[in-house]
Amino acid sequence: MRSWLFFFVALAVGALIFAIALLIRSDYLFFAGYVVLQFVVLATAWNILGGYCGYVNFGSAAFFAIGVYTSVALAKLGANPGRYLPEFLATGLKPLLPLPILAMQFFAGLIAGLIGLGMGYLTLRLRGVFFAIATLAMAVVLQTLIINWDFVGGARGAYIVRPASIALGPISIGYIEYLFLIMLVLAVVALTVARLIERSRLGYGFATIRDDELAAEACGVPTLRLKLIATTISGAFMGMAGAPFPYYIGYVEPAATFGLPYAVNSIAMPMIGGTTSWPGPLLGAVLLGSLQQIATVTISSAVNLLIVGVLLVGFVVIAPKGILGLIEDWRHARGKP
Amino acid sequence: MGLPIELIINAAVAGLLLGGFYAAVTIGISISFGMLDVVNIAHPAFIILGSYLAYLLNLTFGLDPILAALVMLPAFYALGQVVYQVYYLSFERRGQDALRGLAFFFGLLFITEVMLILLFGVDYRYVEASYIGPTWRLGFVDLPLRMLVPCVVSLLLVAALQLLLTRSFVGRAIMAVAQDPLALQLMAANPIRIKRMAFALSVATTSLAGAFLIIIQPVEPSVGREYIGRVFAICVLGGMGSLPGTVIASMLLGVVESFTATFYGPSWAPAVAFGFLLLTLAVRPAGILGR
Amino acid sequence: MSAPLLEIKSVGKRFGGFVALEAINLDVARGERLGLIGPNGSGKSTLVNCICGTLNNETGTVHFEGRALDGLPANQRTHLGLARSFQLPRPFTSLSVADNLRIPLIYAVRRRSQLILSPQELERRSLELLAMVGLEAKARRSPRDLSQVEMRKLELVRAMAAEPKLLIADEVMAGLSHSEVEDIIQLLLQLNGQGISIILIEHIMRAVMSFSQRIAVLVSGRKIADGKPDEVVNNPSVVSAYLGQ
């Protein structure tokens, strides 16, 4: 199926989901659904670098947080441009501010992508191990920077006011529904991009890096360039996933935003769902995300995290190719005598 | 200009004491990563585990934390053996499995941290010992005992390990397996068993490192994450498997962090370690390009 | 006499305390067939790694077509015209056998000739290459389904797919039958006939003897002989160090 066709089909599926959700009229569904969709994006983004190229990013929380805090910074700027910008800039930009979420998402993606590129440039020439460690260290450093930056609230955190509703042309929908819609579209875009990459020459190149980087270089594959592309795309999507978050949650503070749950889930979901192809992260995110939403309400959130950790280790040890891999092996075993 | 000499010297001394502690924290990684090429990201989590166990023994029996750590050594050694065995059985080959190996240890790191949160909550814990309060004074130089004691014991630990590695049969077998597993097989020694012992040794060191940590500062479960960047930076800068190199690199990092804390504020310390890491990665290619 | 295609001057490489290569001087002329022999562990593969950029030599220089290669990453050296097979086969296991060949076709050939090969052309060329070593029937299979011997053939043909000016064949004949060895020699001679220089690293002496115009001998990281096959084979130090075993 050609990619644009896939995009529209996925969009149609998404529209259907949205319509059904609107009919059911449950606020909780939108709240929980937003989180699951967010993880679809994070897992898919992680997988572009982790699953396709084999380079593990432990700092997903950092890229997500870049998106979150870009929004916070732009929102604060938008609320009071005169205070932070020179006179002519403030008056000139006034009609544009406060920026709509989509614009914030764009900037979030841009900044996160650039930071991913920069960090990749510094560490991707070395073994994958060092890249992984550097991503962990980077998350800690970024958290330190944010804690020390009072403009976005520092350690105390920042409040973002969520409007009650938003007008989309003639219709007016609740804001939470709007956020859900944004995340839905982003998820569709992420999945389409991942699928597009998989089937392209780029995807072949990524696969060789994952299989045997030394042999790939010997065959002329520009491994550094490809890895940088993967890191940038991956980082950008994670940033875009983070951008609407302040509006969703209303109050952001560094400890929770940089929390391990984001890092672990971004890794656990693709590894449990399957890392070789786009349905894997989707499956992992939907399954694990829903499970966690249910568990958080019924058990405590800490136990819920423990379950994720145990599942991750369990799958990594026993079923490394994830659920998709298990299905494939089962089909293989049945197909061949 | 008057740069306060006393301040500088005190910052330097504090840095050296800190560096001594960092050596204990890193020595395990020098063995598991530097020599065995196993990326044990969960190392800092084991250290925090060591801290909490020392805390428990200190609270319940009034046991000195370092003694508590020594008591726990065999348990940690056993833990290391189990972890390595699972690791070895699951991830024997390289390549794609390097990703899985990393994910495995990350999962362990995560599970350990969450379990500690479940058991102990997120409040800071600290231990009581006779040397935690007082500070010796040599002229204008401050030597807080809570820093001095761990530093000294740590250096003793490193010296003991170095002796073990260079003088004993087991130790030399470990160093041999680090350089050439094939040669070891020809010597009719089982490389897997040797590697397992070495890894178990590296995890055992976390027991002591954990005790040192909780002596120096109050501990809560997420503290371990700050150390990931530090230990790998020190390990690489110190030449991967070299124990003396690790000590020198630890001291260096300790001093740089100390100066940063003194002149720019302590909240920037984690950033220093990252800068260090980037610097070492950029400047010292030996052994880390894999070439 | 024209300038050599490949010039290796005083190349040295150590791993910690172990000296893998010491002051290696070696030239390969355009269109030449060079045999490289020596005991296991003598440094042959290390030398190949240094030439191709998989490893960085600490001392000495490597020049290809007059251009210094030092610091150039391996993929760029392949673009310049160097190709090698790995002693222990390293196929891309997520890709099919035929797709393994597409990689150098896409990334090495295109770069040099600025051609974008259509999918049909890629398919045709990879099948053609597979046919040269009798693997065309396994084109759609996974490399994991191949035998050791077949994987070595895939290694060789993957290196050939990069359309090199200099091809380094590192122990491709290990485990092959007498007639299979002949086939590979014919294949390599055919390539050489097109002007491609070849460095053949082998333990099978009759293959090296019949194929090479010149033989270099590496022992314990040092080159101890370099000359016509007959001279080298009768060189007493070579006999005692390697051939006499």
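What you see is a predicted model, and the numbers here were worked out from it, not measured in a lab.

A.B. asks: Mind showing me how you'd approach the overall build of chain C here?
C.D. replies: Broken down by element type, chain C carries nine helices and ten strands. On C-alpha atoms alone, chain C measures out to a radius of gyration of 18 Å, which is about the 18 Å that the 2.2 N^0.38 rule sets for 245 residues. Across its three principal directions, the C-alpha atoms of chain C cover 55 × 40 × 40 Å. Burial statistics for chain C: of 245 residues in total, 54% are counted as buried. Partitioning the contacts of chain C with sequence separation of at least 6, the portion at a separation of at least 24 is 66%. Put simply, chain C has 29 plus and 25 minus side-chain charges, and the middle of one group is 5 Å from the middle of the other.

A.B. asks: Quick question: what am I supposed to make of the overall build of chain A here?
C.D. replies: The helix and strand inventory of chain A stands at 16 helices and four strands. On C-alpha atoms alone, chain A measures out to a radius of gyration of 20 Å, which is about the 20 Å that the 2.2 N^0.38 rule sets for 337 residues. Among the 337 residues that make up chain A, the fraction classed as buried is 58%. Of all intrachain contacts in chain A linking residues separated by at least 6 positions in sequence, the fraction that spans at least 24 positions is 78%. When the accessible surface of chain A is totalled, it reaches about 13700 Å², and 71% of it is carbon and sulfur. Separation of charge centres in chain A, based on 19 positive and 12 negative side chains, amounts to 5 Å.

A.B. asks: What is the right way to look at a nonpolar patch on the surface in this model?
C.D. replies: All names here are of chain A. Taken together, the side chains of Trp-4, Leu-5, Phe-8, Val-9, Val-13 and Ile-17 define a hydrophobic patch exposed on the protein surface, amounting to about 580 Å² of accessible area. Mapping Leu-5 onto the fold places it in helix α1 (residues 3-24). What makes Leu-5 partly exposed here is its relative accessible area of 38%.

A.B. asks: Looking at this model, I keep getting lost on the packing of aromatic side chains. Mind explaining?
C.D. replies: The relative placement of two aromatic rings is captured by the distance of their centres and the angle of their planes. All names here are of chain B. Taken as a whole and judged by the stated rule, the model has 32 aromatic pairs over all chains. Ring geometry for Tyr-84 and Phe-199: centres 5.6 Å apart, planes at 40 degrees, overall tilted. With Tyr-84 in helix α3 (residues 65-90) and Phe-199 in helix α8 (residues 191-216), this residue pair connects regions lying 115 residues apart in the sequence. Side by side, Tyr-84 and Phe-199 carry an identical accessibility label, which is buried. On the numbers, 5.3 Å between centres and 40 degrees between planes, the contact of Tyr-87 with Phe-105 is tilted.

A.B. asks: Sorry, what's going on with the interface of chain B and chain A here?
C.D. replies: The parts lose accessible area when they come together, and the size of an interface is often stated as this lost area. Across the contact, 41 residues belong to chain B and 44 residues belong to chain A. Summing the contributions of chain B and of chain A, the shared interface buries around 3900 Å²; its carbon and sulfur component is 82%. Contact with chain A buries surface across chain B, with Leu99(B), Phe106(B) and Phe110(B) losing the most and accounting together for 18% of the total. At the boundary of chain B with chain A, the tally comes to zero salt bridges. Between the two partners, chain B and chain A, sit zero residue pairs in polar contact (both at pLDDT 80 or more). Looking at the side of chain B that touches chain A, the elements with two or more residues in it are α3, α4 (96-120), α9 (224-237) and α11 (269-283) of chain B. If one sorts the elements of the side of chain B that touches chain A by residue count, α4(B) sits on top with 15 residues. The residue inventory of the side of chain B that touches chain A, partitioned by class, reads 29 nonpolar, seven polar and five charged.

A.B. asks: Would you mind showing me how to read the sheet that holds strand β5 (residues 67-68) of chain C here?
C.D. replies: In a beta sheet, neighbouring strands pair by backbone hydrogen bonds and run either parallel or antiparallel. All names here are of chain C. Spatial strand order, β2-β1-β4-β5: four strands in an open sheet with antiparallel pairing. Each edge of the open sheet is held by one strand with a lone partner, namely β2 (18-28) and β5. Examined bridge by bridge, strand β1 (residues 6-15) and strand β4 (residues 59-64) share five bridges and lie antiparallel to one another. The residue of β4 that forms the bridge with Glu-7 is His-63. Relative to the sheet, helix α1 (residues 44-52) contacts β1, β2 and β4, its axis offset from that of β1 by approximately 115 degrees.

A.B. asks: Where do I start with the environment of Gly239(A) in this structure?
C.D. replies: Mapped onto the secondary structure, Gly239(A) falls in helix α10 (residues 223-242). Along the chain, Gly239(A) and Phe63(A) lie 176 residues apart, while their C-alpha atoms are 5.3 Å from each other.

A.B. asks: What exactly am I supposed to notice about the pattern of salt bridges here?
C.D. replies: Note that side chains of opposite charge can pair when their charged atoms are close. Residues and elements named next belong to chain C. One pass over the structure, following the stated rule, counts 27 salt bridges over all chains. Note that Glu-32 and Arg-214 form a salt bridge whose closest N and O atoms lie 2.7 Å from each other. Highlighted residues: Glu-32 in the loop between β2 and β3 (33-37) and Arg-214 in strand β9 (residues 214-219), separated in sequence by 182 residues. For Arg-214, a relative accessible area of 17% gives the class buried. For Arg-102, the salt bridge is made with Asp-99, and the minimal N-O distance between the two is 3.2 Å.

A.B. asks: What exactly am I supposed to notice about the domain arrangement of chain C here?
C.D. replies: All names here are of chain C. Domains assigned within chain C are domain 1 (1-81 + 164-245) and domain 2 (91-163). For domain 1 and domain 2, the distance between their C-alpha centroids amounts to 24 Å. Across the contact, 18 residues belong to domain 1 and 14 residues belong to domain 2. In total, about 1300 Å² of surface goes out of reach between domain 1 and domain 2, with carbon and sulfur atoms giving 71% of it. At the junction of domain 1 with domain 2, the criterion picks out one salt bridge. Across the pair Lys-153 and Glu-180 runs a salt bridge whose closest N-O atoms are separated by 3.5 Å. Along the contact surface separating domain 1 from domain 2 lie three residue pairs in polar contact (both at pLDDT 80 or more). Of all the elements in the fold, those that place two or more residues in the side of domain 1 that touches domain 2 are α2 (74-80), β7 (166-170) and α6 (178-193). At five residues, α6 tops the list of elements feeding residues into the side of domain 1 that touches domain 2.

A.B. asks: Would you mind going over the side chain of Arg158(C) with me for this structure?
C.D. replies: Structurally, Arg158(C) can be placed in helix α5 (residues 148-161). Of the polar contacts made by the side chain of Arg158(C), one reaches the side chain of Asn100(C); its length is 3.3 Å. Discounting chain neighbours no more than four positions away, the residues touching Arg158(C) are Ala215(A), Cys219(A), Phe86(C), Arg90(C), Pro91(C), Phe92(C), Asn100(C), Leu101(C) and Pro104(C).

A.B. asks: What am I meant to see in the sheet that holds β3(C) here?
C.D. replies: Residue and element names in this part refer to chain C. Sheet architecture is open: six strands sit in the order β6-β7-β8-β3-β9-β10, paired in mixed fashion. Of all strands in the sheet, those bounded by a partner on one side alone are β6 (82-84) and β10 (222-227). The mean angle between the axes of side-by-side strands here comes to 15 degrees, regardless of whether they run parallel or antiparallel. In this sheet, strand β8 (residues 197-201) lies alongside β7 in parallel orientation, the contact comprising five bridges. Bridged to Ile-168 within β8 is Ile-199. Against the sheet, α6 contacts β3, β7 and β8, and its axis sits at roughly 155 degrees relative to β8.

A.B. asks: Just to check I follow, could you spell out the packing of helix α6 (residues 101-123) of chain A against α10(A) for this structure?
C.D. replies: A pair of packed helices is captured by two measures, namely the crossing angle of their axes and the spacing between those axes. Residues and elements named next belong to chain A. Where α6 contacts α10, the axes come no closer than 7 Å and their chain directions differ by 145 degrees. Between α6 and α10 lies a crossing of right-handed hand. For the pair α6 and α10, the contacting residues are Gln-105, Ala-108, Gly-109, Ala-112, Gly-113, Gly-116, Leu-117, Gly-120 and Tyr-121 in the first and Leu-228, Thr-231, Thr-232, Gly-235, Ala-236, Gly-239 and Met-240 in the second. When grouped by side-chain class, the residues that make up the contact of α6 with α10 number seven nonpolar, nine polar and no charged.

A.B. asks: Hey, could you run me through the nonpolar core in this one?
C.D. replies: Across soluble globular proteins, nonpolar side chains have a tendency to be buried as a group. In this structure, Phe105(B) and Leu188(C) are the most contacted members of the largest nonpolar core, which totals 256 residues. Inspection of this core shows a minimum of three residues originating in each of domain 1 (1-81 + 164-245) and domain 2 (91-163) of chain C. Residues within four places of Leu188(C) in sequence aside, it is in contact with Leu156(C), Leu167(C), Met173(C), Ile198(C), Leu200(C) and Phe211(C).

So, how was this worked out
Residues numbered from 1 in each chain as written. Chains lettered and ligands numbered in written order. Predicted model: local features only at pLDDT ≥ 70, side-chain atom pairs only at ≥ 80, totals over all residues. Heavy atoms only, no water. Helix = DSSP H or I, 4+ residues; strand = E, 2+ residues; numbered from the N terminus. Rg over C-alpha atoms; globule rule 2.2 N^0.38 Å. Buried < 20%, exposed > 50% of the residue type's maximum accessible area, 1.4 Å probe, protein only. Contact = heavy atoms within 4.5 Å. Lys, Arg positive; Asp, Glu negative; His and termini not counted. Charge placed at Lys NZ, Arg CZ, Asp CG, Glu CD. Areas by Shrake-Rupley, 256 points an atom, 1.4 Å probe, with all protein chains shown as cover. Patch = residues over 30% accessible without salt bridge, like charges linked within 9 Å, V, L, I, M, F, W, Y side chains within 5 Å. Salt bridge = Lys/Arg side-chain N within 4 Å of Asp/Glu carboxyl O. Phe/Tyr/Trp six-rings, centres within 6.5 Å; stacked < 30°, edge-to-face > 60°. Buried area = accessible area lost by both parts, 1.4 Å probe. Polar contact = N/O pair within 3.5 Å; in protein donor to acceptor, adjacent residues only side chain to side chain. Nonpolar A, V, L, I, M, F, W, Y, C, P; charged D, E, K, R; others polar. Pairing = 2+ DSSP bridges. Axes fitted to C-alpha atoms, helices over the stretch in contact; angles between N-to-C directions. Domains from an automatic or database assignment. Left-handed = near helix turned anticlockwise from the far one by under 90°. Core = buried A, V, L, I, M, F, W, Y, C linked by side-chain atoms within 4.5 Å.

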